[in-house]
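Structural characterization, general
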Amino acid sequence: MANKVCPKCGEEYSDTYRKCPFCEEEAAINKGKRLRRGGKRSVKRQRKGGGALGIMLLLAVIIIAGVLSYIFFGDQIAGFMGIRTEDSLSGDLDSSVTGTAGEQDPATLPDDSAGEDDGTQTPPETTPLALDSPAEFTIPSGETGRVNVSGGTGEVTWSTSNEHVAVVERGAVTGVGGGTATITATSGEESVSCTVTVTGDPWVAPTNFKLNKSDFTISSEYPDPVQLKISGGEYMSATWSVDKPEIATVSDTGLVTRMGSGTATVTCVVDGQTLTCVVRCG
């Protein structure tokens, strides 16, 4: 007997069959007829199914064996392959910090002596008080110049040697009358000075200052305050006072107020000239 190869399904079958038994079997299955038992087709299908199952079981066994090997022998395998695990890295780090005796290498310790505080405080650096502007300058009468200083140990205060020539406020120097004055800046125990020359007519102290009243009365019926005024020209300063404050009082601007009955004297000193006025309180 010889075998034939079915041109349709590619199966081999005995030449004793007129038609391919495998194709007939497949057609019977499709029509819902009873399957033939045994035969080459049944045997081959069983072999194919068994081979696939065997491969799956083999893969499962290999995977399980790999997992168990990693669990029980992971460190040894990693060491053999040259892989450093997290535990080994942490172990190396601990050994590098603590050493074999559990102490850090003194050579790696920070030098605490550099940051020690001996309880003393270093005072801030200061520079001496100094002029940052010329030691001498000239301005016209009525004009303002500027004196600048630097350094010092505190607040700077200003003064002038002659208010009738120049006045100063926070370094701003204003000419008053012709002449020369010394402007001084003071900070703590230090002081620096400069000279200002003011051009123009010199300041002349007037000698004809007068009060608008020399004697007046404030009665109890009309106790309104009385304003005293200075006449005779411009003045630099005026100071008011009264000898009997229980009878009358006077303000810094010359306003006189009745306080009781009697006679009192109001005194005004204006640029060195003394003026007086009698106040009668009824």
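On a predicted model such as this, the values are computed, not experimentally measured, just so you know.

Points about the overall build of the chain
A count of helical and extended segments in the chain gives three helices and 20 strands. When each of the 282 residues of the chain is scored for burial, the buried share is 21%. A fraction of 45% describes how many contacts in the chain between residues 6 or more apart in sequence connect residues 24 or more apart.

What to know about the pattern of salt bridges
Applying the stated criterion across every chain yields a total of one salt bridge. One salt bridge connects Arg280 with Asp215, and the closest N-O pair in it is separated by 2.9 Å. Here Asp215 lies in strand 13 (residues 215-218) and Arg280 lies in strand 20 (residues 273-281), a separation of 65 residues in the sequence. The partly exposed category is assigned to Arg280, whose relative accessible area is 38%.

Thoughts on the nonpolar core
Membership of the largest hydrophobic core comes to 20 residues, with the highest contact counts inside it found for Phe216, Trp240, Val256 and Val279. The residues touching Val256, leaving out its near neighbours within four places in the chain, are Phe216, Ile218, Pro225, Val226, Leu228, Ala248, Thr249, Val250, Val266 and Val279. In terms of nonpolar packing, the next biggest core, distinct from the first, is built from twelve residues, Ile139, Ala181, Cys194 and Val196 among them.

Thoughts on the environment of Ser150
Within the element layout of this structure, Ser150 appears in strand 6 (residues 149-150). Once the C-alpha coordinates of Ser150 and Ser133 are considered, the two residues, 17 residues apart in sequence, prove to be 10.0 Å apart. A distance of 3.2 Å separates polar atoms of two side chains, one belonging to Ser150 and the other to Asp132.

Thoughts on a nonpolar patch on the surface
A cluster of nonpolar side chains, contributed by Ile63, Ile64, Val67, Leu68, Tyr70, Ile71, Phe72 and Phe73, occupies part of the molecular surface with about 910 Å² of accessible area. Position of Leu68 among the secondary structure elements: in helix 2 (residues 39-81).

Brief notes about the pairing of strand 8 (residues 166-169)
The alternating pattern of strand 8 places Ala166 and Val168 on a buried face, while none of Val167 and Glu169, on the opposite face, is buried. Sheet topology places strand 8 next to strand 9 (residues 172-175); four bridges connect them, and they run antiparallel. When the sheet's bridge partners are listed, Glu169 is paired in strand 9 with Ala172.

Considering the sheet that holds strand 5 (residues 144-146)
Taking strand neighbours across the sheet as the criterion, the three strands line up as 5-9-8 in an open arrangement whose pairing is antiparallel. The open sheet is flanked by strand 5 and strand 8, the only strands paired with a single partner. The average undirected angle you get between the axes of adjacent strands in this sheet is 25 degrees.

Things to note about the sheet that holds strand 18 (residues 255-258)
Across the sheet, three strands lie side by side as 14-18-17; this open sheet has antiparallel pairing. Looking at strand neighbours, the two that pair on one side only are strand 14 (226-227) and strand 17 (248-250), the edges of this open sheet. As defined by bridge partners, strand 14 adjoins strand 18 across two bridges and the pair is classed as antiparallel. Counterpart to Val226 in the pairing with strand 18 is Val256.

As for the packing of aromatic side chains
Within the structure shown, the criterion is met by one aromatic pair. Aromatic pair Phe209 and Tyr235: ring centres 6.1 Å apart, planes at 90 degrees, arrangement edge-to-face. Of this pair, Phe209 sits in the loop between strand 11 (190-199) and strand 12 (210-211) while Tyr235 sits in the loop between strand 15 (230-231) and strand 16 (238-242), placing them 26 residues apart in sequence. Judged by relative accessible area, Tyr235 falls into the partly exposed class, the value being 37%.

Regarding the pairing of strand 18
By the bridge criterion, three bridges tie strand 17 to strand 18 in an arrangement that is antiparallel. In the sheet register, Ala248 faces strand 18, and the bridge partner there is Arg258. Taking the residues that link successive antiparallel strands as the turn, the strand 17-strand 18 hairpin has four residues, and the phi of Gly254 there is positive, at about 95 degrees.

A short note on helix 1 (residues 21-30)
Taken residue by residue, helix 1 has Pro21, Phe22, Glu25 and Ala28 as its buried positions. Projected down its long axis, helix 1 shows its buried positions confined to an angular sector of 120 degrees, all on one face. Downstream of helix 1 by one or two residues, Gly32 has phi in the positive range, about 85 degrees.

Quick word on unusual backbone geometry
The backbone of Arg170 shows a phi angle near 55 degrees, a positive value even though the residue is not glycine. With relative accessibility at 69%, the residue Arg170 sits in the exposed group.

Some points on the side chain of Thr184
Within the secondary structure, Thr184 is located in strand 10 (residues 179-187). A residue is classified by how much of its surface remains accessible, and Thr184, at 17% relative accessible area, is buried. In this structure the side chain of Thr184 is engaged in a polar contact, spanning 3.1 Å, whose partner is the side chain of Ser193. Ignoring anything within four residues of it in the chain, the contact list for Thr184 reads Thr157, Trp158, Ser159, Ser191, Val192 and Ser193.

Parameters at a glance
- Residues numbered from 1 in each chain as written.
- Predicted model: local features only at pLDDT ≥ 70, side-chain atom pairs only at ≥ 80, totals over all residues.
- Heavy atoms only, no water.
- Helix = DSSP H or I, 4+ residues; strand = E, 2+ residues; numbered from the N terminus.
- Buried < 20%, exposed > 50% of the residue type's maximum accessible area, 1.4 Å probe, protein only.
- Contact = heavy atoms within 4.5 Å.
- Salt bridge = Lys/Arg side-chain N within 4 Å of Asp/Glu carboxyl O.
- Core = buried A, V, L, I, M, F, W, Y, C linked by side-chain atoms within 4.5 Å.
- Polar contact = N/O pair within 3.5 Å; in protein donor to acceptor, adjacent residues only side chain to side chain.
- Patch = residues over 30% accessible without salt bridge, like charges linked within 9 Å, V, L, I, M, F, W, Y side chains within 5 Å.
- Areas by Shrake-Rupley, 256 points an atom, 1.4 Å probe, with all protein chains shown as cover.
- Pairing = 2+ DSSP bridges.
- Axes fitted to C-alpha atoms, helices over the stretch in contact; angles between N-to-C directions.
- Phe/Tyr/Trp six-rings, centres within 6.5 Å; stacked < 30°, edge-to-face > 60°.
- Arc of directions from axis to C-beta.

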